[in-house]
Amino acid sequence: MVVNHDPPAKGRVSNTEKLAYGAGAVAENAMQNAVTNMANPFFNVALNVAPGLLGTAAMIFRIWDAITDPIMGWISDRTESRSGRRRPYIITGAILGGILFALMWWCPMGMSPSFYFAWYMGISILFYTAFTVFGVPYVALGYELSPDYHERTRVMSFRTWFQSVAGFGIQWLFWLTQRDMFDGTVDGMRWVGIGFGAIIIIMGVIPGIFLKERKLTSQELKTNREKLGFKSVISVFKVKPFLYILGAMVTAITGMFLVIIFGFYINVYYVFGGDMPAASLVLGASGTAYHACCMASIPLVAWVSTKLGKKMALQIFIAAAMVGTISKLWLFTPENPWLQLITVFLLAPGFSALWTLLASMTADVTDWDELDNGTRREGAFGAFYGWTMKLGFALCFFISGFILEWTGFDAALGGDQSSATLNSMLLLYAWLPFLGLVGAMLFVWRYPITEAVAKEVRGKLDARKKTE
């Protein structure tokens, strides 16, 4: 028997619409990762702000997100305007985010580390508020573009693909700041920041301008007005399948990003003995290879998911990533710095599958939730999905600075770090991501919404709407 996986006409999203939605992911990824990617090279190495303070700042930003993300989700779900529930916020947040990103690196010179820390804190709070205004409605818009089980994965595949495009630029930011045309990292990041901020604005406004939102029926609007109080937003944590998604995300993020900054330090101080320009080339190439592999693997992820279902596909790709992270123990070596690129080809497909399929699974959860509660809460689910991801990043960056200090790392020593320090970094860089991926595998295994369950839920919702 031939199984037809093509969505019905009402669930189909055109390639033009997928491209418009995917374009917004460039801004999403840039706002999510570019600041933390450059914070240590810029504020720690160049301006001598302690890494523990930078980690503390990252934690404070996420506490702020804990306040603003749910509020933004509630506002977006309840908004009624001629332009839609999501699009006005997407456009506004992208413009503000691009401007603030550029401004962040233009702090006055000749000041104390305390001043630079305060500058970083102040601009970043405003920047991450703009990210919330953009990001929460943007994610929610993706959940509601299609009601079809597999078409949702295809939509999220475009998002993940464009996130990888942004990753290309992010991975080369440090390398760009080291070019001869600039007078060091500070001067380089100032001008690079202006260009990257412009990209955030241009790509971020595209989904807000070119996509059309599904209009809620009068009954859906009435139900949302009556039931979507703030307690209702918080109650998404009572939706059991959503908790498994969050669990998988948190464990994977914790394992990987708790030590992600170690990649920079291991390359600069272990692989290249303190030679920053040489390390910047391998770091840029590694990041480029990672995102190129992500882009190449996304069609494979979508294909395997269509054939085997989202759960099974995700577990297969997570297992490959587990092999990849353990291989760091042997492939990060001063004798052959380029061997580390091998780890990319196992890690990249695993994390592409994670971001694509967890988002697609969350879209299925919104249907499950509507069947139980009668409301469309894409904004709330998007808010807490994004907030949990950002909180995971924050906890990681908060702790990672102290872990870095615990290993004995001292920037003043340059390439003369002790062998114990470098060995500790490498062991943590390999094993902590492995353990996090084991946890993610267990949460995905427990997730209850299969393709059959999702289609049954969708059928009941369609029948209910016909009755209404």
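Overview of the structure. The model shown is predicted, which means the values in this text are computed figures rather than measured ones.

Before going further, it helps to examine helix H15 (residues 341-373). Between its terminal C-alpha atoms H15 stretches 48 Å, which fits the 48 Å expected from 33 residues at 1.5 Å a residue. Maximum bend of H15: about 30°, positioned at leucine 347, with proline proline 349 one to four residues after it. Of all 33 residues that make up H15, 26 are buried, and the element is covered over most of its length.

Okay, unusual backbone geometry next. Located in the positive-phi region is asparagine 48, a residue other than glycine, with phi close to 65°. Residue position: asparagine 48 is located in the loop between helix H1 (15-46) and helix H2 (51-78). Classification of asparagine 48 by relative accessible area gives exposed; the value is 58%.

Counting through the fold element by element, leucine 173 comes out in helix H6 (residues 173-177). Given the relative accessible area of 1%, leucine 173 is considered buried. It is 8.5 Å that separates the C-alpha atoms of leucine 173 and asparagine 37, two residues lying 136 residues apart in sequence. Other than its neighbours up to four places away in sequence, leucine 173 contacts Ala34, Met38, Val192 and Phe196.

Another point: the packing of aromatic side chains. All chains considered together, the criterion is met by 23 aromatic pairs. Geometrically, the ring pair formed by phenylalanine 43 and tryptophan 105 is tilted, given 5.9 Å between the ring centres and 35° between the ring planes. With phenylalanine 43 in helix H1 and tryptophan 105 in the loop between helix H3 (87-104) and helix H4 (113-143), this pair connects stretches of sequence that are 62 residues apart. Take phenylalanine 43: its relative accessible area is 0%, and that puts it in the buried class. A cation over a ring is seen here: lysine 328 above tyrosine 429, with NZ or CZ 3.8 Å from the ring centre.

The next thing to look at is helix H13 (residues 310-326). Owing to its 3.6 residues per turn, the α-helix aligns residues three or four sequence positions apart on the same side. Taking 1.5 Å per residue as the helical rise, H13 with its 17 residues ought to reach 24 Å, and the 25 Å between its terminal C-alpha atoms agrees with that figure. The complete set of buried residues in H13 reads Lys310, Ala313, Leu314, Gln315, Phe317, Ile318, Ala321, Met322, Gly324, Thr325 and Ile326. Those residues of H13 hidden inside the fold are in contact with helix H5 (149-171), helix H12 (276-308), helix H14 (328-331), H15 and helix H17 (419-446).

Quick look at a nonpolar patch on the surface now. Together, Leu103, Trp106, Trp191 and Ile194 give the surface a local cluster of nonpolar side chains, amounting to about 380 Å² of exposed area. Within the secondary structure layout, tryptophan 191 lies in helix H7 (residues 184-210).

Where helix H10 (residues 240-257) contacts H17, the axes come no closer than 7 Å and their chain directions differ by 170°. In terms of axis orientation, H10 runs roughly antiparallel to H17. On H17, the residues touching Tyr244, Gly247, Ala248, Thr251, Ala252, Gly255 and Met256 of H10 are Leu432, Pro433, Gly436, Leu437, Gly439, Ala440, Phe443, Val444 and Arg446.

A complete count under the given rule lists 17 salt bridges for this structure. With a shortest N-O distance of 2.9 Å, aspartate 367 and arginine 458 are connected by a salt bridge. One end of the pair, aspartate 367, is in helix H15; the other, arginine 458, is in helix H18 (residues 451-467), and 91 residues separate them in sequence. Comparing aspartate 367 with arginine 458 shows no difference in burial state: the two are buried.

What counts, and at which threshold
Residues numbered from 1 in each chain as written. Predicted model: local features only at pLDDT ≥ 70, side-chain atom pairs only at ≥ 80, totals over all residues. Heavy atoms only, no water. Helix = DSSP H or I, 4+ residues; strand = E, 2+ residues; numbered from the N terminus. Expected span 1.5 Å × (residues − 1). Bend = angle between axes of the 7 residues up to and from the residue. Buried < 20%, exposed > 50% of the residue type's maximum accessible area, 1.4 Å probe, protein only. Contact = heavy atoms within 4.5 Å. Phe/Tyr/Trp six-rings, centres within 6.5 Å; stacked < 30°, edge-to-face > 60°. Lys NZ or Arg CZ within 6 Å of the ring centre and 35° of its normal. Patch = residues over 30% accessible without salt bridge, like charges linked within 9 Å, V, L, I, M, F, W, Y side chains within 5 Å. Areas by Shrake-Rupley, 256 points an atom, 1.4 Å probe, with all protein chains shown as cover. Salt bridge = Lys/Arg side-chain N within 4 Å of Asp/Glu carboxyl O. Axes fitted to C-alpha atoms, helices over the stretch in contact; angles between N-to-C directions. Parallel < 35°, antiparallel > 145°, perpendicular 65-115°, else oblique.

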